[in-house]
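Understanding the architecture of this molecule
Listed here are the chains, written in short residue letters.
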Amino acid sequence: MITIQDMITRFGEQEMAERSNHENYETIDEAVMAAAIADAEEEAASYLRAAKLFFTDDTAPQVLKIKVCDIARYCLYDDAVTGIVEERYQSAIAWLKMVVKNPNMLDESRVSDDRRPSTCAVYVNAEPDLREWLKE
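Residues numbered from 1 in each chain as written. Predicted model: local features only at pLDDT ≥ 70, side-chain atom pairs only at ≥ 80, totals over all residues. Heavy atoms only, no water.

Another point: the overall build of the chain. Assigned secondary structure in the chain consists of six helices and zero strands. Listed N to C, the secondary structure of the chain is α-α-α-α-α-α in terms of helices and strands. Counting the 136 residues in the chain, one finds 33% classified as buried. Summarising the internal contacts of the chain: among those between residues at least 6 apart in sequence, 64% fall at separations of at least 24. Carbon and sulfur atoms provide 50% of the accessible area of the chain, an area that totals close to 9300 Å². (Helix = DSSP H or I, 4+ residues; strand = E, 2+ residues; numbered from the N terminus. Buried < 20%, exposed > 50% of the residue type's maximum accessible area, 1.4 Å probe, protein only. Contact = heavy atoms within 4.5 Å. Areas by Shrake-Rupley, 256 points an atom, 1.4 Å probe, with all protein chains shown as cover.)

Below you can see the structure in the form of structure tokens.
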């Protein structure tokens, strides 16, 4: 669903190196990054399964990828979580809980026809002339 490059794009190479490589803090440890990403994807998938939503890497909506990146970032921080990282993680989890309650947030095909916006135009009709009708 997300890649190491997605994490670098969102949070910067320096931060990802610092959080993944605890020896020299200069290069990204891809194994550590892959583990955090796998943990985050599985955590998100547990909520998506509850909502009966299934996405491939190609079909995952961007908003879902953003939330999974926030969860993966949280996983990289271990016991040194900062305020903003914690807030974004909690926000991602709250959002996933909303998706469970309202799956059409990610899957428009689940919206019933009576809840979809109308695509027809409505024009005000002239008041009918009932005198003609009463003559018959």
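What follows continues from the structure just given.
Next up on the list: helix H2 (residues 13–20). Looking at H2, one finds that the buried residues are Glu15, Met16, Ala17, Arg19 and Ser20. Here the buried face of H2 lies against helix H1 (4–11), helix H3 (30–50) and helix H4 (62–76).

Okay, the pattern of salt bridges next. With the rule as written, the count across this model stands at three salt bridges. For Arg49, the salt bridge is made with Glu42, and the minimal N-O distance between the two is 2.9 Å. With a relative accessible area of 45%, Glu42 lands in the partly exposed category. Across the salt bridge formed by Asp70 and Arg88, the nearest N and O atoms sit 3.0 Å from each other. Taken as a pair, Asp70 in helix H4 and Arg88 in helix H5 (residues 83–101) lie far apart in primary sequence, 18 residues in all. Relative accessible area serves as the criterion here: at 5%, Asp70 is assigned to the buried category. (Salt bridge = Lys/Arg side-chain N within 4 Å of Asp/Glu carboxyl O.)

On to the side chain of Ser20, then. Structurally, Ser20 is set in helix H2. Non-local contacts of Ser20, meaning those with residues more than four positions away in its chain, are made with Thr27, Ile28, Asp29, Val32, Met33 and Leu76.

A few words on the packing of H1 against H4. At a minimum axis distance of 10 Å, the contact between H1 and H4 shows a crossing angle of 85°. The orientation of H1 relative to H4 falls into the category roughly perpendicular. Side by side, H1 and H4 meet where Asp6, Met7, Arg10 and Phe11 of the first sit next to Ile66, Cys69, Asp70, Ala72, Arg73 and Leu76 of the second. Tallied by class, the residues present in the contact of H1 with H4 amount to six nonpolar, no polar and four charged. (Axes fitted to C-alpha atoms, helices over the stretch in contact; angles between N-to-C directions. Parallel < 35°, antiparallel > 145°, perpendicular 65-115°, else oblique. Nonpolar A, V, L, I, M, F, W, Y, C, P; charged D, E, K, R; others polar.)

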